[in-house]
Amino acid sequence: MTEIELIIKELFNDTNLTVLSVSMFTLIASAIRNHVLEKKSAQNESRREEDDIIRENIQHMDIKTAISIPIVGSISLILLYFLLGTLRNLLLILICLFGTYSIHFSISPLLDNLQLPIFGMKKSLYFFTLSYQQIISIFLSSLIVLHYLFTEHWLSNNIIGICLTITYLCLLKLPNIKIALLLLISLFIYDIYWVFYSPTHFGKSVMVEVAKNIELPVRLLFPRGEGYAMLGLGDLVLPGLLLGFLYRYDVLMHRELSFNGYYLISYICYGLGLIFAELAIVIYRTGQPALLYLVPTTLLPLITIGYLKKELRTLWNGPNFESFEQPTHKEDTTNDIV
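Residues numbered from 1 in each chain as written. Predicted model: local features only at pLDDT ≥ 70, side-chain atom pairs only at ≥ 80, totals over all residues. Heavy atoms only, no water.

Caption draft 1: Seen up close, the overall build of the chain. Scanning the chain from N- to C-terminus turns up 14 helices and 6 strands. The long-range fraction of contacts in the chain, counting pairs at least 24 apart against all pairs at least 6 apart in sequence, stands at 74%. A total of about 17,800 Å² of accessible surface is found on the chain, and carbon and sulfur atoms cover 65% of it. (Helix = DSSP H or I, 4+ residues; strand = E, 2+ residues; numbered from the N terminus. Contact = heavy atoms within 4.5 Å. Areas by Shrake-Rupley, 256 points an atom, 1.4 Å probe, with all protein chains shown as cover.)

Next up, the structure:
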């Protein structure tokens, strides 16, 4: 086999294809879950308590938040680098609590589709009144988290990580690409520094050391030989924020999941960015900052298409999403977004 054939074979091995498939699934699942959340709110349909909690806590990112994220991320990374052993148990408790809720939030629509009569019944438990659907969902979520706590198995780790990503992308939204550019470019620099240039000041790559040793469900793990391939949740959440904005914009323009819109093209370009990142790992035999590849492959096509469509100014300043997010009466279906 030639060298190029060997690179291609290694690039598209089972592990790398699994990383790509799971990442793409997580982002499309996040967009669908977010769409269901907003659509039911807009149509004033029956609501679940877990959906109401998310709606009440949705945050629209502003410039100050975008600037603070790489700063807070750098401080957190340094603390984890020096104090990981001390902070791990506290972080584990917090992540497992939020992980239980995130799994419950993520799987609730799936249980809805079963439409079992028992799901509508309610039971009083001490100070709470829960439907049987909620009890089953919380029970399943707790089982997955307990399985992780006792085994640290990569599969339960990934379920928690995927559901944390879905929930986070429903909680935080970008209002325009101006803030998206500020956020992603600053984190692009952040990722490059902490992977490649931090050894100059800390002796080792801080990002790589933390990623290898953190042993918490804040990264997805995929068995590869005697070790694991890893993908940090940040490499899903950060591009996912931009993709979520584009999905909402396409829905507003009645062209979701169409090549005439932005989301589907940017979604495919995200996948290409992951492939480029894996290619760099195969060629250079060292860990790569995924955002180095994901930021250009998602931003550049978006800006190009926006310019060609003459919609760049609207995207830059942000469209008016209120027509989609404000409740309307169920009887009036003329403005429903399907």
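Caption draft 2: Representation of the confidence of the model for the chain. Per-residue confidence for the chain gives a mean pLDDT of 87, with 86% of residues at or over 70. When pLDDT is averaged over each element of the chain, helix 6 (residues 154–171) comes out on top at 96 and helix 14 (residues 322–325) at the bottom at 56. Taken together, the stretch residues 326–338 has pLDDT below 50 and engages in 21 contacts with residues farther than four places along the chain or on a different chain. (pLDDT = per-residue confidence, 0-100.)

Caption draft 3: Up close: the packing of helix 10 (residues 234–252) against helix 12 (residues 291–308). One way to put it is that helix 10 packs onto helix 12 with a least axis distance of 10 Å and a crossing angle of 10°. Here helix 12 runs roughly parallel to helix 10, going by the angle between their axes. Listed contacts from helix 12 to Asp-235, Leu-238, Pro-239, Leu-242 and Leu-246 of helix 10 are Leu-291, Leu-294, Thr-298, Leu-299 and Leu-302. Here the contact of helix 10 with helix 12 is built from residues that sort into 8 nonpolar, 1 polar and 1 charged. (Axes fitted to C-alpha atoms, helices over the stretch in contact; angles between N-to-C directions. Parallel < 35°, antiparallel > 145°, perpendicular 65-115°, else oblique. Nonpolar A, V, L, I, M, F, W, Y, C, P; charged D, E, K, R; others polar.)

Caption draft 4: Structural context of the nonpolar core. Of all hydrophobic cores here, the largest spans 71 residues; its most connected members are Met-61, Leu-174, Leu-183, Leu-241, Leu-242, Tyr-270 and Leu-302. Per-element accounting of this core gives the leading share, 12 residues, to helix 10. Core analysis: the next-biggest nonpolar cluster, separate from the first, contains 6 residues, Leu-37, Tyr-101, Cys-170 and Leu-171 among them. (Core = buried A, V, L, I, M, F, W, Y, C linked by side-chain atoms within 4.5 Å. Buried < 20%, exposed > 50% of the residue type's maximum accessible area, 1.4 Å probe, protein only.)

Caption draft 5: Focus on the packing of helix 4 (residues 63–112) against helix 7 (residues 177–197). Running from N to C, helix 4 and helix 7 point in directions that differ by 15°, and their axes come no closer than 8 Å. Here helix 4 is positioned roughly parallel relative to helix 7, judged by the angle of their axes. When the axes of helix 4 and helix 7 are compared, the crossing they make is right-handed. For the pair helix 4 and helix 7, the contacting residues are Ile-63, Ala-66, Ile-67, Ile-69, Pro-70, Gly-73, Ser-74, Leu-77 and Ile-78 in the first and Ile-179, Leu-182, Leu-183, Ser-186, Leu-187, Tyr-190 and Trp-194 in the second. Considering only residue class, the contact of helix 4 with helix 7 consists of 13 nonpolar, 3 polar and no charged. (Left-handed = near helix turned anticlockwise from the far one by under 90°.)

Caption draft 6: Geometry of the pairing of strand 5 (residues 219–224). In terms of strand pairing, strand 5 meets strand 6 (residues 227–232) through 6 bridges, oriented antiparallel. Within the sheet, the bridge partner assigned to Arg-224 lies in strand 6 and is Gly-227. Between strand 5 and strand 6, which pair antiparallel and follow one another directly, the connecting turn spans 2 residues, one of which, Gly-225, has a positive phi of 65°. (Pairing = 2+ DSSP bridges.)

Caption draft 7: Spotlight on helix 11 (residues 263–284). With 22 residues, helix 11 ought to run about 32 Å at 1.5 Å a step, and its terminal C-alpha atoms sit 31 Å apart, in line with that. Just downstream of helix 11, Arg-285 is the residue with a positive phi angle, here 55°. (Expected span 1.5 Å × (residues − 1).)

Caption draft 8: Molecular detail of the side chain of Lys-173. Along the chain, the position of Lys-173 falls in strand 4 (residues 172–173). Among the polar contacts listed, one links the side chain of Lys-173 to the side chain of Asn-34, at a separation of 2.8 Å. (Polar contact = N/O pair within 3.5 Å; in protein donor to acceptor, adjacent residues only side chain to side chain.)

Caption draft 9: Main features of the pattern of salt bridges. Scanning the model with the defined rule gives 5 salt bridges in all. Among the ionic pairs, Glu-10 bridges to Arg-285, the shortest N-O distance being 2.7 Å. Placement of the pair is Glu-10 in helix 1 (residues 3–11) and Arg-285 in the loop between helix 11 and helix 12, with a sequence separation of 275 residues. When its relative accessible area of 29% is taken as the criterion, Glu-10 is described as partly exposed. Residue Arg-285 is classed as exposed on the basis of its relative accessible area of 57%. Between Glu-311 and Arg-255 there is a salt bridge, and its shortest N-O distance comes to 2.7 Å. Of this pair, Glu-311 sits in the loop between helix 12 and helix 13 (312–317) while Arg-255 is found in the loop between helix 10 and helix 11, placing the two residues 56 residues apart along the sequence. The residues Glu-311 and Arg-255 share a single accessibility class, namely buried. Salt bridges linked by common partners bring Asp-250, Arg-255 and Glu-311 together as one network. (Salt bridge = Lys/Arg side-chain N within 4 Å of Asp/Glu carboxyl O.)

Caption draft 10: Examining the packing of aromatic side chains more closely. For the structure shown, the criterion picks out 10 aromatic pairs. A centroid spacing of 6.4 Å and a plane angle of 20° characterise the contact between Tyr-101 and Phe-105, whose relative ring orientation is stacked. Taken as a pair, Tyr-101 and Phe-105 lie in helix 4 at a separation of 4 residues, close to a single helical turn. In this structure, Tyr-101 and Phe-105 share a single accessibility class: buried. Joined through ring pairs, the aromatic side chains of Tyr-81, Phe-82, Tyr-193, Trp-194 and Phe-202 make up one cluster. Over the aromatic face of Phe-105 sits the side chain of Arg-33, whose NZ or CZ is 3.9 Å from the ring centroid. (Phe/Tyr/Trp six-rings, centres within 6.5 Å; stacked < 30°, edge-to-face > 60°. Lys NZ or Arg CZ within 6 Å of the ring centre and 35° of its normal.)

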